[in-house]
Amino acid sequence: MRGERREAVAEQSVSTDAADTMAYQVATDVRALRAFVSAGALARGLSRERVELLTLAVSELATNTLQHTTGGGWVRLWAEPGQLFCDVVDHGPTRALGRSMPATDSVRGRGLAIVEQICDEVAVLTGPGETVVRIRLSL
């Protein structure tokens, strides 16, 4: 299922009552962001193994935000029946999906490729002044 039907995750609306949100602005915030995502995902029923994958994906996306944009970003986390969603939002440009893994001797460029490999679905949404990378993992 990975990499298929990206439009399904893109169409999912955010339930603001059920979503937890955390902002991050500097590299030292990423550790707390990982803890936030891990705790929230466990509380919503994601298995420990899948929590590690989600935490890695969010960490990669947040690191990209901090390296390639200004002003930091925020993460929204919520669950729907049978699935967990996470938005990583920033003010940067749209990211292109469908990247292949860089060569083994490449120093950079693996973040989005890793995210696409470990999440069940990934979509990039854009709105006025923001870019959202929405990821979904089955519970």
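Residues numbered from 1 in each chain as written. Predicted model: local features only at pLDDT ≥ 70, side-chain atom pairs only at ≥ 80, totals over all residues. Heavy atoms only, no water.

Okay, the overall build of the protein next. Across its full length, the protein holds four helices and five strands. The N-to-C order of helical and strand elements in the protein reads α-β-α-α-β-β-α-β-β. Restricting to contacts in the protein with at least 6 residues of sequence separation, those with at least 24 account for 66%. Within the structure as shown, the protein displays about 7,200 Å² of accessible surface, and the carbon and sulfur contribution to it stands at 50%. (Helix = DSSP H or I, 4+ residues; strand = E, 2+ residues; numbered from the N terminus. Contact = heavy atoms within 4.5 Å. Areas by Shrake-Rupley, 256 points an atom, 1.4 Å probe, with all protein chains shown as cover.)

With that settled, consider the pattern of salt bridges. Counting across every chain of the model gives five salt bridges. Measuring nitrogen to oxygen at the nearest pair gives 2.6 Å for the salt bridge that ties glutamate 121 to arginine 136. Linking glutamate 121 in strand E4 (residues 121–127) with arginine 136 in strand E5 (residues 130–138), this pair joins segments that are 15 residues apart in sequence. Each of Arg76, Asp87 and Arg134 takes part in a single network of salt bridges with overlapping partners. (Salt bridge = Lys/Arg side-chain N within 4 Å of Asp/Glu carboxyl O.)

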